[in-house]
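# Architecture and fold: a report
Now for the letters of each chain:
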Amino acid sequence: QIPKDPAQRRVRELAMLSKQLQQVHPNVLAKVLKQGTVYQNEEIVVINKPYGLPVHGGPGIKNCISDVLPILAKMLENAKAEPLHLCHRLDKETTGVMVLARSKEAAERIRLLFKTRQVEKVYWAISLGDPDPAEGIVEIPIVEKEVRSHQPHYKMTLAPNYRLSPEDGEVVKIRKNRNAESAVTRYRLLASASACSLLELQPITGVKHQLRVHLAYGLGCPILGDHKYSHWSKLAPQKLPKITLKRLKLEQSKARHLPIHLHAHRLSLPLGKQIDLVCKPPLFFQKTLKKLELDIAND
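Residues numbered from 1 in each chain as written. Predicted model: local features only at pLDDT ≥ 70, side-chain atom pairs only at ≥ 80, totals over all residues. Heavy atoms only, no water.

To continue, consider the pattern of salt bridges. Within this structure, the stated rule accounts for 7 salt bridges. Its salt-bridge partner being R188, residue E200 comes within 3.1 Å of it at the nearest N-O pair. One end of the pair, E200, is in strand β12 (residues 196-203); the other, R188, is in strand β11 (residues 184-193), with 12 residues separating them in the sequence. You can call E200 buried: its relative accessible area is 16%. A salt bridge links E293 to R247; the nearest nitrogen and oxygen atoms lie 3.8 Å apart. Of this pair, E293 sits in the segment after α7 (283-291) while R247 sits in helix α6 (residues 242-248), and the two are 46 residues apart along the sequence. Of the residues examined, E293 reaches a relative accessible area of 45% and is grouped as partly exposed. For R247, a relative accessible area of 27% corresponds to the partly exposed category. Counted as one network, the salt bridges with shared partners bring together D91, R212 and D226. (Salt bridge = Lys/Arg side-chain N within 4 Å of Asp/Glu carboxyl O. Helix = DSSP H or I, 4+ residues; strand = E, 2+ residues; numbered from the N terminus. Buried < 20%, exposed > 50% of the residue type's maximum accessible area, 1.4 Å probe, protein only.)

For the rest of this paragraph, the subject is the environment of L289. Tracing the backbone shows L289 in helix α7. The spatial distance from the C-alpha of L289 to the C-alpha of V68 is 31 Å, given a sequence separation of 221 residues. Excluding residues that lie within four positions of it along the chain, L289 makes contacts with I126, L198 and L294. (Contact = heavy atoms within 4.5 Å.)

A separate point is the environment of L53. Among the secondary structure elements, L53 is positioned in the loop between β2 (44-49) and α3 (65-75). Those residues in contact with L53 that sit more than four places away from it in its chain are L21, Q22, L29, L33, N63, C64, I65 and K92.

Glancing now at the state of the cysteines. Counting across every chain of the model gives 0 disulfides. We note that C64 lacks a disulfide partner, and the nearest cysteine sulfur, in C87, lies 16 Å from it. Under the relative-accessibility criterion, C64 is labelled buried at 0%. C221 takes part in no disulfide bond, and the closest cysteine sulfur to it belongs to C196, at a distance of 9.8 Å. Residue classification places C221 among the buried positions, given a relative accessible area of 1%. (Disulfide = S-S within 2.5 Å.)

Have a look at this one:
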């Protein structure tokens, strides 16, 4: 049955988000993806990736995008019989613009564009707190490290090339971490309210969890619902400011159900001509914007 209390209803809605797609039949999932198609031509098909849907399979994963590509290919108009190909990846929790190629050759061409950073990517994220300054570039290398706590786990973290000397506060260059990958993110504040911000992010590089790590550890503004990168040493739900909880009609004890608010909003692909692909944020993201009163001029 559906709870009467709106706060309880919201919690249930959030908890159901990623479970739903893991339980449907692959044909149903392919249909969902087809309905989320935002663009297609003879080379590519672009979908709006739903929340909680992994791109690749793995242990405990029933449904993933790569498994249903052959089914999706058959459902599309003017489809040739061959399956679609993945061109890039998005994290399971990230929503938004995802490009699929209709042929191996097209896929390889597009993968190369991503690799050589010729694809402009713009993400939207709701974060806790306001970044200071309101726009800028975070350029701090990232490395994977083991967190030694009562539940040892791995996380990506910053591996800065500089630090402040404890003696005189001077900036000192430190030895480079050999395993660190250079990572660059442009960011810009679009709106702020209720102790949160709506940020526009442009990853210039593509390191695993880059946006999440740069926001949480570089700017001190973790993404709303990012429970993994809101603390360093423990696996625990994100702690939310009182005003944020009040606006979201949530209790802190239920914060663990909040999905991560990170959305691939726009992609610009140079395929002969510049193809601009835009995806509206998912419903839960739009509802959160409204509840937090993060008003944004429609662009």
